[in-house]
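# Structural characterization, general
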Amino acid sequence: MDLFNYNLPKPTNIKSERALVISDILELVNGTKGIKRKLTARNIAVFLSPYSVSDLYVFVSKLKLSKTPASMFWYFVKPRQV
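The notes below deal with the structure included here. What you see is a predicted model, and the numbers here were worked out from it, not measured in a lab.

### Details of helix α3 (residues 53-65)
For an α-helix the count is 3.6 residues per turn, leaving residues at separations of three or four pointing the same way. Taking 1.5 Å per residue, 13 residues should reach 18 Å; α3 reaches 19 Å between its end C-alpha atoms and fits that length. Among the residues of α3, those classed as buried are Leu-56, Phe-59, Val-60 and Leu-63. The buried residues of α3 occupy one face: seen down the axis, they fall within an arc of 105 degrees. Exposed side of α3, more than 90 degrees from the buried face: Ser-54 and Leu-65 are the residues found there.

See the structure below:
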């Protein structure tokens, strides 16, 4: 029921700032046109576990500016050869 035509936001299961940023990354990566396999929040969280939350905010801004966020995601999370 709407009181005074005000809609309450839907509750989510997101309880931390890190989970909120990871959900934004998930939307950007899975929203890329031509992607063959969708990622889950758990997979992305494992890939991004070495990075701090402040680094993830920078990463989200880079993904938003990219033409293909999925390819940029895989470029940054691929393992580096030493």
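### Some details on the nonpolar core
In terms of nonpolar packing, the biggest core is built from 15 residues, with Ile-25, Val-29, Ile-44, Leu-48 and Phe-73 touching the most fellow members. Of all the secondary structure elements, the ones that give two or more residues to this core are α1 (17-30), α3 and α4 (69-77). Ranked by the residues each element gives to this core, the list is headed by α1, at 5 residues. For Phe-73, the residues in contact, after removing those within four places along its chain, are Ile-25, Val-29, Leu-39, Ile-44, Phe-47, Leu-48, Phe-59 and Leu-63.

Procedures and definitions
- Residues numbered from 1 in each chain as written.
- Predicted model: local features only at pLDDT ≥ 70, side-chain atom pairs only at ≥ 80, totals over all residues.
- Heavy atoms only, no water.
- Helix = DSSP H or I, 4+ residues; strand = E, 2+ residues; numbered from the N terminus.
- Expected span 1.5 Å × (residues − 1).
- Buried < 20%, exposed > 50% of the residue type's maximum accessible area, 1.4 Å probe, protein only.
- Arc of directions from axis to C-beta.
- Core = buried A, V, L, I, M, F, W, Y, C linked by side-chain atoms within 4.5 Å.
- Contact = heavy atoms within 4.5 Å.

Keep in mind that these numbers describe shape and distance, not what the molecule does.
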